[in-house]
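For reference, the chains in residue letters:
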Amino acid sequence: IRSELSHVERLSLVGQMAAGITHEIRNPMAVVRGFLQLMNEKCPPGLESYFQIVMEELDRANGIINDFLSLARSGMSTKEDVNLHVLLEELAPLLWADANLRGQSVELNLCESLPALRVNSKEIKQVILNLGRNAMEAMQPKGVLTLETRQVLGRAELLVKDTGSGMTETELAKLFTPFFTTKEQGTGLGLPLCLSIIERHGGTITVNSIHGAGTVFTVSLPCESE
Ligand code: ADP
Ligand code: MG
């Protein structure tokens, strides 16, 4: 099954208002977090585990807010000359640690030479992390996540492959729709955010998935000289 997407719907006025409210919610949440931290120092015995849960859930809510805001703010971002391999090497320890906890492994399969790309490093790292995390979440222990790079006609490609659950045709069709998720703890904002970032870099994301066998996400970005 193959689906190609190159367009994400612009956020409506309602979406922009939601972004404004979301932004304002961040400040009181930061205050709550700070005071909770203080309260923890005088935590009555036996309540430590409750505190842990409260902090985790607060951080999860913050994560959702940050994803939503990054998606809503699709303005111009500053770009610099970056080698994709450098970004991958910076992220590898993070991905390895995550995979380790799940009993999975990560393999890097990097091509010989890859020309520099003109990108916003932070955003591209976010794409790699989002795709990598999705891959791990789709796999059982012993699953293998492979990150591969290729050079194809003035473009650099990053392939994120997993040996996980794969997707049905119905799931593939909804993949980049904001808030579509099949996970209990999912936000459904990861892939819309990835698509928005890659499109702003003049690139594309392609998905190949076999239900029950695995998935390959291919990110294609124009090289610097283009
Ligand atoms: P979330 O991860 O919060 O659910 P995403 O936008 O990152 O949101 O992904 C949306 C949905 O796409 C997931 O819930 C899952 O059903 C599906 N998906 C994404 N990546 C994969 C993958 N590598 N393998 C199988 N399904 C995937
Ligand atoms: Mg995700």
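Under an unreviewed UniProt entry, the name given to the protein chain is histidine kinase, and the source organism is Paenibacillus stellifer.

A. Molecular detail of the site of ligand 1. Within the structure, ligand 1 sits among 21 residues, and Asn-134, Ala-138, Thr-181, Gly-186 and Gly-190 are positioned closest to it. Of the residues belonging to the shell around ligand 1, the class tally is seven nonpolar, eleven polar and three charged.

B. Examining the packing of helix α3 (residues 84-102) against helix α4 (residues 121-137) more closely. In the contact formed by α3 and α4, the axes pass within 11 Å of each other and the chain directions differ by 25 degrees. As summarised for this structure, α3 and α4 are arranged roughly parallel, according to the angle between their axes. For the element pair α3 and α4, the recorded crossing hand is right-handed. Here α3 contributes Leu-87, Leu-88, Leu-91, Leu-95, Asp-98, Ala-99 and Arg-102 to the contact with α4, which in turn contributes Ser-121, Ile-124, Lys-125, Ile-128, Leu-129, Gly-132 and Met-136. Across the contact of α3 with α4, the residue classes break down as nine nonpolar, two polar and three charged.

C. Spatial organisation of the packing of helix α2 (residues 48-72) against helix α6 (residues 190-200). One way to put it is that α2 packs onto α6 with a least axis distance of 9 Å and a crossing angle of 30 degrees. Put simply, α2 runs roughly parallel to α6. You can see that α2 and α6 cross each other, and the crossing is left-handed. Residues Asp-67, Ser-70 and Leu-71 of α2 form the contact with α6, whose own contacting residues are Gly-190, Pro-192, Leu-193 and Ser-196. A per-class count over the contact of α2 with α6 returns three nonpolar, three polar and one charged.

D. View of α4. Its 17 residues give α4 an end-to-end C-alpha distance of 24 Å, which sits within 8% of 24 Å, the value for a rise of 1.5 Å per residue. For α4, the set of buried residues is Glu-123, Ile-124, Val-127, Ile-128, Leu-131, Gly-132, Asn-134 and Ala-135. Residues of α4 that are buried make contact with α3, β4 (117-119), β5 (144-152), β6 (155-162), α6 and β8 (214-222).

E. Just the pairing of strand β7 (residues 204-210), in detail. When β7 meets β8, the two strands line up antiparallel, connected through seven bridges. What sits directly across from Thr-204, in β8, is Ser-220. Where β7 folds back onto β8 in an antiparallel hairpin, the turn is made up of three residues, including Gly-212, whose phi is positive at roughly 90 degrees.

F. The environment of Lys-142, seen in detail. Residue position: Lys-142 is located in the loop between α4 and β5. A residue is classified by how many C-beta atoms lie within 10 Å of it, and Lys-142, with 10 of them, is exposed. In this structure, the C-alpha to C-alpha distance between Lys-142 and Met-39, residues 103 residues apart in sequence, is 41 Å. Apart from residues lying up to four places away in sequence, Lys-142 is in contact with Gly-103 and Gln-104.

Parameters at a glance
Residues numbered from 1 in each chain as written. Chains lettered and ligands numbered in written order. Predicted model: local features only at pLDDT ≥ 70, side-chain atom pairs only at ≥ 80, totals over all residues. Near = placed C-beta within 6 Å. Nonpolar A, V, L, I, M, F, W, Y, C, P; charged D, E, K, R; others polar. Axes fitted to C-alpha atoms, helices over the stretch in contact; angles between N-to-C directions. Helix = DSSP H or I, 4+ residues; strand = E, 2+ residues; numbered from the N terminus. Parallel < 35°, antiparallel > 145°, perpendicular 65-115°, else oblique. Left-handed = near helix turned anticlockwise from the far one by under 90°. Contact = placed C-beta atoms within 7 Å. Expected span 1.5 Å × (residues − 1). Buried ≥ 20, exposed ≤ 12 C-beta atoms within 10 Å, placed from the backbone. Pairing = 2+ DSSP bridges.

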